[in-house]
Amino acid sequence: MARFDAAFWGALDQFSASGLLRTASARPLGMLDFSSNDYLGLARHPALQARAAEWGARFGTGAGASRLVTGTLDLHQQVEGKIAQAKRTEAALLFASGWQANASVLASLLRFGKPALVFTDWLIHASLHHACRAAGAAQIRFRHNDMAHLDELLAAHEGAPGMRFIVTESVFSMDGDQADFCALHALAQRYNAFLYLDEAHATGMLGPGGMGLSATIPGGADLAMGTFSKALGGFGAYVAGSRALCDWLINRASGFIHTTALPPTVLGAIDAALDLVPDMAAERARVKTHAARLRAALAALGIDTGGSTTQIVPAIVGTERAAMRLSAHLREQGILAVGIRPPTVPAGTSRLRLAMSAAHSEADIERLVAALASAWPGLACAA
Ligand SMILES: Cc1ncc(COP(=O)(O)O)c(C=O)c1O
């Protein structure tokens with residue numbers, strides 16, 4: 001036993017006793033997967049695999065250094081150009097992950113705008129909370145997707161000094177509901193606030209060419225961030241915005257400056273996905289149909305799906321126990337549907353977060369629906 005293990009074991013025992021112990025188990029193979037974010041089924045697409053392999057063979061498996069030292073290859077600039085074009089912005093920058101992009105970019109911006117007034121949706125991602133803490137910025141939180149409340153808070157702080165930021169997501173990861181981008185844009189204009197939009201779950205799925213809601217009003221978000229790790233089937237992240245903003249981030253975002261550049265293999269997969277996604281309207285429609293079918297089935301079972309309108313369908317069952325038992329029941333039937341508990345979601349709203357994919361067949365959705373229907377009535381009392 002190492003010197004500090006007694007303290008770690010003590011903390012782990014407490015997590016366990018409160019039913020909140022988390023483990024990083026390997027994904028079981030051969031199960032019908034409703035928990036991964038591979039919404040367009042691109043993670044195993046031959047075009048992505050081929051370009052990743054080709055770029056790896058031609059340019060190597062590592063970039064060798066950070067972007068500002070020797071890590072920048074033509075490939076990075078080529079991919080950033082493609083992203084900017086798809087997002088209808090002047091420029092874009094690549095990051096190693098969505099978590100890293102948010103944690104670093106938002107923190108840099110909040111320090112720049114000091115004393116920043118940062119208006120955040122109640123349900124923003126952990127990486128955005130991390131950025132606010134890192135910048136020492138107190139959040140002014142608006143009720144989830146409630147534009148009237150945001151308006152009220154912006155108005156209440158009208159005379160206060162400092163740069164204003166509105167920070168939210170276009171599709172919420174645990175709820176599958178969407179922000180009203182036009183209303184956000186209007187409020188950002190009215191109060192001269194910087195609109196920071198996380199499009200992690202919208203990229204690939206919503207907006208023009210499936211490249212996110214921000215592209216519906218070019219320049220409508222001052223910064224749109226998204227990932228390649230979900231619908232685009234790869235890894236890494238981007239931010240898109242004006243040339244001045246991106247050049248400033250190159251000078252100020254620690255998560256861009258002090259980390260090794262994305263390797264050619266990863267860039268190859270991103271590049272191939274960016275070529276495919278605009279023409280995947282049929283796949284997006286198929287995912288939409290799957291989600292609507294599942295929401296109807298859950299409603300018939302009396303299970304709340306919140307405000308879901310997208311590929312993410314939460315089956316909100318209430319207690320941790322109910323969520324974990326339902327998840328276990330599905331697992332016995334070969335279906336992977338991981339239970340999500342506090343602190344990831346608010347207490348009393350534990351759920352299965354069910355993610356639809358174009359790789360699912362109609363028969364897969366029917367299998368899930370049948371498994372839920374057989375399990376839920378017996379478990380409802382544990383909810
Ligand atoms: C809303 C949101 N933002 C950012 C991230 C982080 O993205 P990545 O997985 O690429 O680090 C996630 C993924 O969990 C997310 O759901």
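S.K.: Would you mind showing me how to read the site of the ligand here?
M.R.: Near the ligand you find 13 residues, and of these Gly98, Trp99, Asp198, His201 and Lys230 are the closest. Within the contact set of the ligand, a nitrogen atom lies 2.6 Å away from a side-chain nitrogen or oxygen of Asp198. With respect to the ligand, the side chain of Lys230 contributes an N or O atom lying 3.2 Å from an oxygen atom. Considered on its own, the ligand offers 390 Å² of accessible surface; in the complex 83% of this is hidden by protein. It is helix α5 (residues 98-112) that provides the largest number of residues to the shell around the ligand, a total of three residues. Its residues assigned to classes, the shell around the ligand shows two nonpolar, eight polar and three charged.

S.K.: Could you clarify how one ought to interpret the packing of helix α7 (residues 147-156) against helix α8 (residues 181-190) in this entry?
M.R.: Where α7 contacts α8, the axes come no closer than 11 Å and their chain directions differ by 10°. One finds that α7 runs roughly parallel with respect to α8. The residues of α8 that touch α7, namely those facing Met147, Leu150, Asp151 and Leu154, are Ala183, Leu184, Leu187 and Arg190. Residues of the contact of α7 with α8, tallied by class, amount to six nonpolar, no polar and two charged.

S.K.: Explanation requested: unusual backbone geometry in the structure shown.
M.R.: For residues besides glycine, phi is generally negative; the peptide bonds are generally trans as well. The step from Lys114 to Pro115 runs through a cis peptide bond, and the omega angle for that step is 0°. Mapped onto the elements, Pro115 comes out in the loop between α5 and β3 (117-121). Even without being a glycine, Asn145 presents a positive backbone phi close to 60°. Here Asn145 shows up in the loop between β4 (139-142) and α7. Positive phi is not limited to glycine here, since Asn192 has a value of about 50°. Taking relative accessible area as the criterion, Asn192 reaches 67% and is therefore assigned exposed.

S.K.: It is not clear to me how the pattern of salt bridges should be interpreted in this structure. Could you clarify?
M.R.: Counted according to the given criterion, the structure contains 13 salt bridges. For Arg51, the salt bridge identified is with Asp271, shortest N-O distance 2.6 Å. With a gap of 220 residues between them, Arg51 in helix α2 (residues 46-59) and Asp271 in helix α11 (residues 264-276) connect regions that are remote in the sequence. A relative accessible area of 2% means that Asp271 is categorised as buried. Arg67 is the salt-bridge partner of Glu80, the closest N and O atoms lying 2.9 Å from each other. One end of the pair, Glu80, is in helix α4 (residues 74-87); the other, Arg67, is in helix α3 (residues 67-71), and 13 residues separate them in sequence. The two residues Glu80 and Arg67 agree in class, both being buried.

About the cut-offs
- For every chain, the first residue of its written sequence is number 1, and the numbers climb from 1 along that sequence.
- Per-residue local features of the predicted model are confined to residues with pLDDT of at least 70, and side-chain atom pairs are confined, for both listing and counting, to 80 or more; whole-chain, interface and lining totals are unaffected and use all residues.
- Hydrogens are left out, water is left out, and the side-chain values use all remaining heavy atoms of the structure.
- One heavy atom within 4 Å of a molecule or strand is enough for the residue carrying it to be called near that molecule or strand.
- Here a polar contact is recorded for every N or O atom pair within 3.5 Å, except that within protein the pair must consist of a potential hydrogen donor and a potential acceptor, and residues adjacent in sequence are included only if both atoms are side-chain atoms.
- For the area figures, the Shrake-Rupley method with a 1.4 Å probe applies, and any residue is considered shielded solely by the protein chains shown.
- Each helix is a run of DSSP H or I of at least 4 residues and each strand a run of E of at least 2, with the numbering of both proceeding from the N terminus.
- Side-chain classes follow a simple rule in which Ala, Val, Leu, Ile, Met, Phe, Trp, Tyr, Cys and Pro form the nonpolar group, Asp, Glu, Lys and Arg form the charged group, and the remainder, Gly included, forms the polar group.
- Only the contacting stretch of a helix is used when fitting its axis, a line to C-alpha atoms as for every element, and angles between N-to-C directions run 0 to 180 degrees.
- Orientation categories follow fixed angle ranges, with anything under 35 degrees roughly parallel, anything over 145 roughly antiparallel, 65 to 115 roughly perpendicular, and all other angles oblique.
- Note on contacts: a residue pair is in contact if any heavy atoms of the two residues lie within 4.5 Å.
- Working definition: with a 1.4 Å probe on protein chains only, accessible area under 20% of the residue-type maximum means buried, over 50% means exposed, and in between means partly exposed.
- Each reported salt bridge corresponds to a side-chain nitrogen of Lys or Arg within 4 Å of a carboxyl oxygen of Asp or Glu.

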